[in-house]
Amino acid sequence: MISKPRAAFGLFWVRCFCPSALFFSLGFFFTAIARDMKISNLLCYVSYFVMIFLSGATMPKEMFPEAVKKFSAWLPLTYVVELLQGVFLGAAFEEYRKSLVVLGTILIVCTASGAALYRRKSWV
């Protein structure tokens with residue numbers, strides 16, 4: 001039987017690995033849909049700045065107007081922020097299950113669609 005501290009440490013790493021893998025898959029997807037490196041960089045930078053400022057990573061979401069809060073619910077970084085806040089506040093795993101499910105879904109969709117698009121991409 002695994003002791004409580006070891007299980008909590010394992011869940012900590014799962015919660016920290018999932019966001020990292022998510023952003024690798026997003027970059028993979030953006031690279032797959034872009035025609036060249038400049039377009040890929042543009043997609044990555046635009047999505048990064050929109051997410052960083054509207055997800056609650058720089059300012060608390062509670063300060064945003066209601067329309068921005070609804071828009072931020074569509075951003076993956078919003079769920080990363082919620083998940084990491086739960087990790088560092090010591091919240092129960094069940095409390096942030098929705099965030100993990102959303103992040104895992106985005107990870108799978110971006111990786112699968114990126115792989116499918118890479119097969120069709122012409123490298124000329």
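Since the structure is predicted, the reported quantities are computational estimates derived from the model, not experimental observations. (Residues numbered from 1 in each chain as written. Predicted model: local features only at pLDDT ≥ 70, side-chain atom pairs only at ≥ 80, totals over all residues. Heavy atoms only, no water.)

*Asks:* If you had to explain the environment of Leu 54 to someone new, which residues and values would you point to?
*Replies:* Examined against the element boundaries, Leu 54 turns out to sit in helix H2 (residues 37–54). Owing to a relative accessible area of 24%, Leu 54 belongs among the partly exposed residues under this scheme. Sequence separation between Leu 54 and Leu 75 is 21 residues; the distance between their C-alpha atoms is 8.2 Å. Beyond its immediate chain neighbours, meaning those up to four positions away, Leu 54 contacts Phe 64, Val 68, Phe 71, Ser 72, Leu 75 and Thr 78. (Helix = DSSP H or I, 4+ residues; strand = E, 2+ residues; numbered from the N terminus. Buried < 20%, exposed > 50% of the residue type's maximum accessible area, 1.4 Å probe, protein only. Contact = heavy atoms within 4.5 Å.)

*Asks:* Requested: an account of the packing of aromatic side chains, with residues and values cited.
*Replies:* Across all of its chains, the model carries four aromatic pairs by this definition. When the centroid spacing of 6.1 Å and the interplanar angle of 50 degrees are considered together, the rings of Phe 29 and Phe 30 count as tilted. With 5.1 Å between their ring centres and 70 degrees between their planes, Tyr 48 and Phe 49 make a pair best called edge-to-face. An aromatic cluster is built from Tyr 48, Phe 49 and Phe 53, whose rings are joined through pairwise contacts. (Phe/Tyr/Trp six-rings, centres within 6.5 Å; stacked < 30°, edge-to-face > 60°.)

*Asks:* Go over helix H4 (residues 76–89), please, and point to the residues and values.
*Replies:* In this model, H4 (14 residues) spans 20 Å end to end at C-alpha, consistent with the 20 Å of a helix rising 1.5 Å per residue. When H4 is considered as a whole, its buried residues turn out to be Pro 76, Leu 77, Thr 78, Tyr 79, Val 80, Val 81, Leu 83, Gly 86 and Val 87. Looking at the residues trailing H4, positive phi occurs at Gly 90, about 75 degrees. (Expected span 1.5 Å × (residues − 1).)

*Asks:* Could you give an account of the side chain of Ser 72, with specific residues and numbers?
*Replies:* Locating Ser 72 in the fold gives a position in helix H3 (residues 66–72). On the accessibility criterion, Ser 72 (2% relative accessible area) is buried. There is a polar contact of 2.9 Å between the side chain of Ser 72 and the backbone oxygen of Lys 69. In contact with Ser 72, not counting residues within four places along its chain, are Leu 54, Lys 61 and Thr 78. (Polar contact = N/O pair within 3.5 Å; in protein donor to acceptor, adjacent residues only side chain to side chain.)

*Asks:* Lay out helix H5 (residues 97–120) with the relevant residues and their values.
*Replies:* The terminal C-alpha atoms of H5 lie 35 Å apart, and with 24 residues this matches the ideal 34 Å at 1.5 Å per residue to within 8%. By the burial criterion, the buried members of H5 are Ser 99, Leu 100, Leu 103, Cys 110 and Gly 114.

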